[in-house]
Amino acid sequence: MHLLTNTKPIPTGNLFGHIMPGTWLMHDRTAFELGVIAERGTVTRIEKFDHTSISGLGKRVMIMRSGAFGDLLLASPAIQVFKGLNQGIHLTLCCINSRAQLFDNTNLFDNIVDYPLPASEITNYDQIITLEDVIETSEKHATDAFADALNVSVINYRPSFRLTIDEIRYAKRHFNGERKKVAIQLRAGVLNRDYPAHLWQPVLLGLEDAGWEIMLLGVRNQIPPLPEPLRRPYIREIYLKDLSFRETAAVIANCDLFIGPDSSLLHVAHAVGIKSIGLFGPIKPELRISAHQDCIPLHGEVSCKGCGWNFHNGMHFPPNKPCFQKNLCGSMAAIDPNEILKLAK
């Protein structure tokens, strides 16, 4: 971890908003990235923070992880075990503000604070545990990697995520009729985990012909308008409704099946007990799904499948590789739409 001091606001877009002037505790990578994008001369200090200096496990413990929704879902079973083994601690999560909703109704954390942490609040904790880059550098299941970082072992891999009965009931308003229902996430958060758009078309048409009502999920500005052949009564553009993460999860909870790439909603399906078909490219399925969840993985058969590339320094693909030139993961593109349809039936 590092302490960063800035004298002017640092704009970060939708991620953190503006980092206001002050001194902040953050992950190493965040400090580097903010130092690069800040106005020249306005970051006056970046120094290493030795979190082991307050590592005696007292009652006030904070876990810091700035990652995406899916990272926190995968970490949650390990954190659940950690909290159970350390009865009586007051456990705080420091995460990006929008991620806090993941843990509504779970009682996993006693408090959740925004990432990055003001340096003035460091003394509120007896121990600060950083989970930076835990799964990005591991060759084992993501939850096991988090467990290793917390010095615990996990048996139950189901993420700690709970919807209320009212949330699930309210989501029913999005459905049209009595057909079987499948939720489909069209795009992942990074390009190298996307299933190609032209391959989704035969999947969607085949599912609708087979009697499914299809709920298309995603972020409105990431998905182009559906072409005319896909404008059918039971292909529903739910992403146009701008649902929150929890509202989207409630749609999944009302479905019979989820289909999507290696992303947070695949782990939501596991959390709410919905069968799923997971589409994998750069990440090996065994590093993300457990033997205990009802998920069938599909992994395109090319020589570079499971290469392990994560989003690095703004690059969705490894440089000088065919996928970098094509802006498309070859393993994802090698997943046959007919295989998806076969499994869905």
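Residues numbered from 1 in each chain as written. Predicted model: local features only at pLDDT ≥ 70, side-chain atom pairs only at ≥ 80, totals over all residues. Heavy atoms only, no water.

Caption draft 1: How the structure looks around the sheet that holds strand β11 (residues 180-185). The strand order across the open sheet formed by 6 strands is β13-β12-β11-β14-β15-β16, and the pairing between neighbours is parallel. In the strand order of this sheet, the two ends are held by β13 (235-236) and β16 (295-299), each with one partner. Where strand β15 (residues 276-280) meets β16, 5 bridges bridge the pair, whose relative direction is parallel. By the bridge assignment for β16, S276 is matched with C295. Along the sheet face, helix α5 (residues 197-209) touches β11, β12 (212-217), β13, β14 (257-261) and β15 and points at about 145° away from the line of β12. Sheet strands touched by helix α6 (residues 245-253): β11, β12 and β14. Its angle to β12, the strand with the most contacts, is close to 165°. (Pairing = 2+ DSSP bridges. Helix = DSSP H or I, 4+ residues; strand = E, 2+ residues; numbered from the N terminus. Contact = heavy atoms within 4.5 Å. Axes fitted to C-alpha atoms, helices over the stretch in contact; angles between N-to-C directions.)

Caption draft 2: Quick look at the pattern of salt bridges. Scanning all chains against the criterion turns up 20 salt bridges. Of the charged contacts in the structure, one is a salt bridge between R187 and D194, with a shortest N-O distance of 2.9 Å. On the basis of relative accessible area, R187 is assigned to the partly exposed category, the value being 28%. D262 serves as the salt-bridge partner of R193, at 3.3 Å between the closest nitrogen and oxygen. Here R193 is found in the loop between β11 and α5, whereas its partner D262 is found in the loop between β14 and α7 (264-271), with 69 residues between them in sequence. (Salt bridge = Lys/Arg side-chain N within 4 Å of Asp/Glu carboxyl O. Buried < 20%, exposed > 50% of the residue type's maximum accessible area, 1.4 Å probe, protein only.)

Caption draft 3: Inspection of the layout of surface pockets at higher detail. Roughly 350 Å³ of internal volume is contained in the second largest pocket. Around the second largest pocket sit 19 residues that line it, and P196, A197, H198, W200 and P224 are the ones nearest its centre. For the lining of the second largest pocket, the class distribution of residues is 14 nonpolar, 3 polar and 2 charged. (1 Å grid on protein atoms, 1.4 Å probe; cavity = no way out; pocket = protein on both sides within 12 Å on 5 of 7 lines; lining within 4 Å. Points joined across faces, edges and corners; volume = space filled by probe spheres on them. Nonpolar A, V, L, I, M, F, W, Y, C, P; charged D, E, K, R; others polar.)

Caption draft 4: Representation of the packing of α5 against helix α10 (residues 337-344) within the structure. Their axes nearest at 9 Å, the elements α5 and α10 cross at an angle of 30°. Viewed along their axes, α5 and α10 adopt a mutual orientation that is roughly parallel. The interaxial crossing formed by α5 with α10 has right-handed handedness. Between α5 and α10, the residues in contact are L199, P202, V203, G206 and L207 and P337, I340, L341 and A344, respectively. Its residues placed into classes, the contact of α5 with α10 shows 8 nonpolar, 1 polar and no charged. (Parallel < 35°, antiparallel > 145°, perpendicular 65-115°, else oblique. Left-handed = near helix turned anticlockwise from the far one by under 90°.)

It is worth stressing that arrangement in space is one thing and function is another; only the former is reported here.
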